[in-house]
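Residue-level listing of the chains:
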Amino acid sequence: MTNPWIAALFALFVWWFSTGAILWAVKRADGRSGRAHVRVALAGLPLLGAGIVAAILTRDAEGPAAFYGGFLSALAIWGWIELAFLTGIVTGPNRGPLPFCLTEGQRFRAAWRTVAWHETLLALGLVFLGLAVWGSANTLAFWTYGVLFVARISAKLNIFLGVPRINTEFLPAPLAHLPSYFRQGPVGWLFPVSILVLTLAVFCWIERLMFTGDVQFALLATLTGLALLEHWLMVLPLPDAKLWRWMIPAPTLKDDLPQSEKTHGF
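Now for a quick tour of the structure. This structure is a prediction, so every number in the text was calculated from the model and none was measured. (Residues numbered from 1 in each chain as written. Predicted model: local features only at pLDDT ≥ 70, side-chain atom pairs only at ≥ 80, totals over all residues. Heavy atoms only, no water.)

**Looking at the packing of helix H6 (residues 140-161) against helix H7 (residues 190-212)**
Geometrically, a packed helix pair is captured by the angle between its two axes and the distance between the axes. Operational definition: Axes here mean lines fitted to C-alpha atoms, for a helix over just the part in contact, with angles spanning 0 to 180 degrees between N-to-C directions. Comment: elements are numbered from the N terminus, with helices defined as DSSP H or I runs of at least four residues and strands as E runs of at least two. Small angles under 35 degrees read as roughly parallel and large ones over 145 as roughly antiparallel, with 65 to 115 read as roughly perpendicular and the rest as oblique. Note on convention: near helix rotated counterclockwise from far helix by under a right angle means a left-handed crossing. Clockwise means right-handed. What makes two residues a contact is simply this: any of their non-hydrogen atoms within 4.5 Å.
Contact pair H6 / H7: the axes reach a minimum separation of 10 Å and the direction vectors enclose 160°. The angle between the axes of H6 and H7 places the two elements in the roughly antiparallel class. As H6 runs across H7, the sense of the crossing is left-handed. Residue-level contacts link Trp143, Val147, Ser154, Leu157, Asn158 and Leu161 of H6 to Leu190, Phe191, Ser194 and Trp205 of H7.

Here's what the structure looks like:
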């Protein structure tokens with residue numbers, strides 16, 4: 001497990017499988033009783049607990065096993081928060097479509113109210129991991145979560161400002177109101193900035209990997225590279241949804257919803 005190529009393949013597989021598992025669970029709840037999504041979110045609580053425990057247990061340990069543990073702990077915490085969002089349990093006070101707005105500021109405030117609780121919970125997760133591993137030997141859980149956090153905020157802002165391609169094939173029923181809050185069109189000013197920052201981050205992790213040989217930097221480089229790829233998929237017409245379509249239950253008439261926020265990659 002000290003081989004950086006194995007670490008990269010591990011990160012790639014976990015990213016693909018965990019995303020598919022979350023989408024599978026959420027889409028299975030679509031079209032069922034109103035409490036189906038609540039049950040899915042509650043069933044995922046052990047994942048959150050395992051992530052918190054693993055982050056604490058691995059913070060004072062070093063070596064490949066501890067690094068993999070810290071990496072998985074951050075993904076577990078992040079995964080449950082995303083599950084809670086996709087099931088509609090933790091979203092925001094606004095659960096309706098975009099109201100008539102005269103200015104971009106009004107549009108932004110309305111969009112924020114659709115995801116306010118979710119974004120707050122994500123930020124609290126980052127603060128928790130920062131405090132949990134502060135001054136410890138193994139801080140990989142914090143850096144893993146931090147990469148996901150920055151990439152997700154960047155992706156949401158880019159979709160809000162405008163991108164040519166918004167893949168929302170797997171949008172679940174509780175988030176059917178989101179399409180009205182995003183803009184499909186020419187890229188906004190933030191997109192090249194996001195690409196530049198993520199590209200520099202990938203090179204920084206690779207430089208650290210080549211200098212130290214630590215497997216943790218291979219994990220971070222792969223995860224950041226996937227975040228960079230997700231941003232490019234906002235402008236490149238590639239069939240990325242095929243990566244998970246075979247895992248998702250066949251759609252029904254009730255599942256035939258408008259498309260909105262990019263859901264792949266957590």
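Anyway, onward from the coordinates.
**Section: the pattern of salt bridges**
In plain terms, the rule: Every case where a carboxyl oxygen of Asp or Glu lies within 4 Å of a side-chain nitrogen of Lys or Arg is listed as a salt bridge.
Under the definition given, this model contains seven salt bridges. Residue Glu82 pairs with Arg152 through a salt bridge whose shortest N-O separation is 2.5 Å. Of this pair, Glu82 sits in helix H4 (residues 64-86) while Arg152 sits in helix H6, and the two are 70 residues apart along the sequence. Linked through salt bridges whose partners overlap, the residues forming this network are Glu104, Arg107 and Arg183.

**Some details on the packing of H4 against H6**
Running from N to C, H4 and H6 cross one another at 40°; their axes reach a closest spacing of 7 Å. In terms of axis orientation, H4 runs oblique to H6. At the point where H4 passes H6, the crossing takes the right-handed sense. Residues Phe67, Gly70, Phe71, Ser73, Ala74, Leu75, Ile77, Trp78, Ile81 and Glu82 of H4 touch H6, and the partners they reach there are Leu140, Ala141, Thr144, Tyr145, Leu148, Phe149 and Arg152.

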